[in-house]
Amino acid sequence: MGSNSSRIGDLPKNEYLKKLSGTESVSENDPFWNQLLSFSFPAPTSSTELKLLEEATISVCKSLVENNPRTGNLAALIKVFLSRTKELKLSAECQNHIFIWQTHNALFIICCLLKVFICEMSEEELQLHFTYEEKSPGSYSSASEDLLEELICCLMHLITDIPLLDITYEISVEAISTMVVFLSCQLFHKEVLRQSISHKYLMQGRCVSYTSKLVKTLLYNFIRQEKPPPPGAHVFPQQSDGGGLLYGLASGVATGLWTVFTLGGAGSKQQTPELSSPLANQSLLLLLVLANLTDAPDAPNPYRQAIMSFKNTQDNSPFPSSVLHAFQINFNSLYTALCEQQTSDQATLLLYTLLHQNSNIRTYMLARTDMENLVLPILEILYHVEERNSHHVYMALIILLILTEDDGFNRSIHEVILKNITWYSERVLTEISLGSLLILVVIRTIQYNMTRTRDKYLHTNCLAALANMSAQFRSLHQYAAQRIISLFSLLSKKHNKVLEQATQSLRGSLSSSDVPLPDYAQDLNVIEEVIRMMLEIINSCLTNSLHHNPNLVYALLYKRDLFEQFRTHPSFQDIMQNIDLVITFFSSRLLQAGAELSVERVLEIIKQGVVALPKDRLKFTFRFEKESPCWEEMSCAFADEISRTEIQIRGRGAARGVFYPLRLVSCLQLRCRPVLEPSRHPAVHNGFRLRVGCCLPP
C-alpha cells in the first residue's frame with residue numbers, strides 16, 4: 001500500500017504493509033497512516049485477480065495475526081478510521097475528496113483483514129485482537145474499550161446517516177460489505193450459531209437502536225438501484241512527485257471487494273451479469289443475512305421483527321405497542337423494484353421473505369391489479385429451470401405456493417390476458433390467460449423434474465400449487481388443458497413401467513432364490529400417490545368449475561382410454577367416480593350427435609351438455625393426511641446441497657477462495673427454520689404430500 005503501490009504484485013514487498021504487520025507498534029497519531037492510506041492500484045475485476053490479491057497479501061495478513069497481540073496495530077488502524085468517520089459528513093458537504101478517499105481506503109484494509117481474521121481464528125481469538133491496545137509487549141488491559149462494537153456501530157451510522165453522493169458512494173458500499181464480512185462467521189460452523197459475536201453486538205447494546213433505520217435504509221438502497229458515479233466524475237490528479245495515480249472512487253479499489261462478494265458460485269449455471277448497482281446488491285445481501293440470523297437465547301432477532309412489521313407510507317394506522325422496531329416505506333416503489341429485479345436469486349429470496357413474514361406486504365401485493373408484473377418474472381425463472389440455481393427455482397416455486405393460497409389471486413389470474421409470450425418456446429402463444437400460462441410452466445417444471453433432477457420435494461410442491469388453483473380454473477387455454485392430461489399420461493406410463501418391472505422381478509425370483517427381490521412396492525406407492533394428486537386436481541376442477549372449462553372436458557374425452565385402467569384400481573376408485581361420470585355423460589352426447597364432428601362442434605356439444613349435467617351428481621372432497629413432512633430434514637438437506645454447489649471456501653491455513661454471501665444467506669435461511677412453516681404449507685393444507693425420503697422412480 002502507500003502512494004507508490006500501483007500493482008497487486010508489489011504488495012508483498014510494500015514497506016507500509018510490512019510496517020503495519022511487523023513487530024513495531026504504530027501510534028494512531030503517527031503520520032504513517034496518511035502514507036499507508038494513500039494507495040492506488042488497479043481494482044480486481046475477476047475472480048482470478050481477486051485470488052491474486054489474496055495470495056499477494058496472505059503473508060502480510062499472517063504476519064499481522066502473529067504480531068498484532070503485541071503491537072495492537074489493528075486497533076490503531078480502526079481508531080484512525082473511527083476518528084475520520086466523525087468528520088465524514090462534514091467532508092462530504094465540503095467535497096473533501098482526499099479525506100473521504102483515505103477514509104475509504106482505511107475501511108477497505110480493515111475489511112480485507114477482518115475477512116482473513118474470521119477465516120483463521122475462533123470468535124474468542126478475534127475479540128482478543130480487537131481489544132488489545134498499544135501497551136508494553138505481551139500486556140493486556142481487560143478494561144480496554146470494545147473496538148469491535150465501536151466499529152459495528154460506526155458502520156451502521158455511516159450506512160444510515162452519511163448522505164449518498166458521488167464521493168460517498170463507494171465508502172457506503174464498503175461499509176455494507178464490511179458488515180457482510182463480519183456476519184460471515186456462520187460459514188465456518190456446521191451447527192447453527194445462536195450465541196456469537198454477531199448476536200452479542202447486533203441484538204444487544206448500542207447497535208440495536210439502529211435497527212429500524214438500518215433496515216429501512218437497506219430497503220431503499222435496493223428500491224432506488226443507484227448506479228455508481230461515472231469514472232470521470234471525480235478523478236484525482238496525479239501527484240507531482242511521480243507517485244501513484246490518485247483515482248476516483250467510482251473506479252477505485254472498492255470495486256474489487258463487491259466483486260469478491262458477487263462473482264458467481266460453482267453451483268451457478270449462468271454467468272453472473274455485471275451489476276448495475278453495487279450499492280443495491282450489497283444492501284440486499286446484508287438485509288437478507290440480518291433477517292435470517294437466528295434469535296439469541298435471550299432476545300429475538302430485531303431485524304427480522306422490523307422486516308415483519310413495517311407498513312406502507314399511506315397507512316396511517318398506529319403501530320401496536322408490541323412492535324419495537326417500526327417504520328414505514330413506500331410499498332408501490334418496493335413492489336416495482338421487486339418486479340424488476342427477479343432475475344437475481346437474492347431479489348427472489350427477499351420477495352419470499354416479505355411475502356412469508358410481512359402480512360402488510362402480502363395483503364398489498366395480493367390486492368394489486370397488475371399481478372402479472374410480479375408473476376411473469378417468477379414463471380420465467382421456473383421456465384428456464386435448466387439455467388437457474390436449484391435454490392432460485394425452489395424459492396420461485398414457494399412464492400407461487402404462497403400466492404396460490406389466496407382464492408382471490410387464483411380467480412384474478414384467469415382474468416388477465418397476455419399476448420405474445422416470447423420466452424415460451426414450446427408453442428406460439430399469441431393470447432393466453434396468466435392462469436393458463438402458470439399451469440403450463442408448473443407442468444413443464446414437473447416434467448423436467450421427473451426426467452432430469454427427480455427432486456423429492458419439487459414435484460410435490462408443484463402439484464400443490466396446481467391443487468390450490470384447481471377449484472378456480474377458468475377458461476383454460478386448450479394447450480393448458482392438453483398439458484394437464486399429457487402429464488397424467490406420463491405418470492400413467494411410469495406406473496405401468498414400474499408395475500411391469502415388479503412383475504418381471506417377481507417371476508425371476510421364483511426361478512432363482514439367491515437373487516434379492518428389489519423393493520418395487522415403495523416405487524409403486526410413490527407413483528400412485530402422485531397419480532392420485534393429479535386425479536384430485538382434475539376432479540376439483542370438474543366439481544367446482546366444469547362450466548368454465550370446456551377445453552379440459554374436450555381433452556378428457558380425447559384421451560379417455562388413459563383412465564380405463566384406474567376405474568377399478570382400489571387406490572383410485574373413489575376419485576375416479578366423478579371423472580368417469582363426466583366422460584360417460586359427454587361421450588353419450590357425442591354419440592347421439594353423430595360421427596366426424598369438427599372441433600368446434602364438439603366444444604359446442606360440451607358447452608350445451610354442461611348445462612344439462614346436474615351439479616349434485618358431482619361430489620368431491622380432498623383427502624387429508626395428518627402426517628407432516630420432516631421440516632428439519634428438508635431444510636438441512638437443502639442447505640447441504642447449497643454448501644456443496646456454491647463457491648468453495650478453502651480450509652483454514654490456506655489462501656481463501658472467493659466469498660459468496662448468498663450461500664451464507666441460504667444456509668441461515670434454511671438451516672434455521674423450514675422454507676414454510678408446516679401450518680401454512682399448502683401441500684399440507686390440502687393434503688398433498690409425498691413421504692419424506694421418497695422420489696419418483698426413473
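Anything mentioned here points back to the structure above.
Bear in mind that the values here come from a model prediction, so they are computed numbers and not experimental data.

Enquirer: Would you mind going over the overall build of the protein with me for this structure?
Expert: Looking only at helices and strands, the protein has 30 helices and four strands in total. Per-residue burial for the protein yields a buried fraction of 58% across its 698 residues.

Enquirer: Which parts of the structure should I look at to understand the packing of aromatic side chains?
Expert: Here a ring pair, both rings aromatic, is described through the centre-centre distance and the interplanar angle of the planes. Inspection of the entire model under this criterion finds 14 aromatic pairs. Ring geometry for F331 versus Y364: centroids 5.4 Å apart, planes at 75°, classification edge-to-face. Taken as a pair, F331 in helix α15 (residues 331-340) and Y364 in helix α17 (residues 359-366) lie far apart in primary sequence, 33 residues in all. Assessed through its relative accessible area of 3%, F331 is described here as buried. Members of the aromatic cluster, joined through ring pairs, are F310, F327, F331, Y335 and Y364. Above the ring of F99, the side-chain terminus of R84 is found at 5.0 Å from the ring centroid.

Enquirer: Please explain the pattern of salt bridges as it appears in this structure.
Expert: Charged atoms that come close allow side chains of opposite charge to pair. For the structure on display, the rule yields 13 salt bridges. When the shortest N-O distance is used, the salt bridge between R444 and E386 registers 3.3 Å. Remark: E386 occurs in the loop between α18 (372-383) and α19 (390-403) and R444 occurs in helix α21 (residues 434-453); sequence separation between them is 58 residues. With a relative accessible area of 17%, R444 lands in the buried category. Residue classification places E386 among the partly exposed residues on the basis of a relative accessible area of 30%. One salt-bridge network, in which partners are shared between bridges, spans E386, E426 and R444.

About the criteria used
- Residues numbered from 1 in each chain as written.
- Predicted model: local features only at pLDDT ≥ 70, side-chain atom pairs only at ≥ 80, totals over all residues.
- Heavy atoms only, no water.
- Helix = DSSP H or I, 4+ residues; strand = E, 2+ residues; numbered from the N terminus.
- Buried < 20%, exposed > 50% of the residue type's maximum accessible area, 1.4 Å probe, protein only.
- Phe/Tyr/Trp six-rings, centres within 6.5 Å; stacked < 30°, edge-to-face > 60°.
- Lys NZ or Arg CZ within 6 Å of the ring centre and 35° of its normal.
- Salt bridge = Lys/Arg side-chain N within 4 Å of Asp/Glu carboxyl O.

Interpretation in functional terms is not warranted from these geometric data alone.
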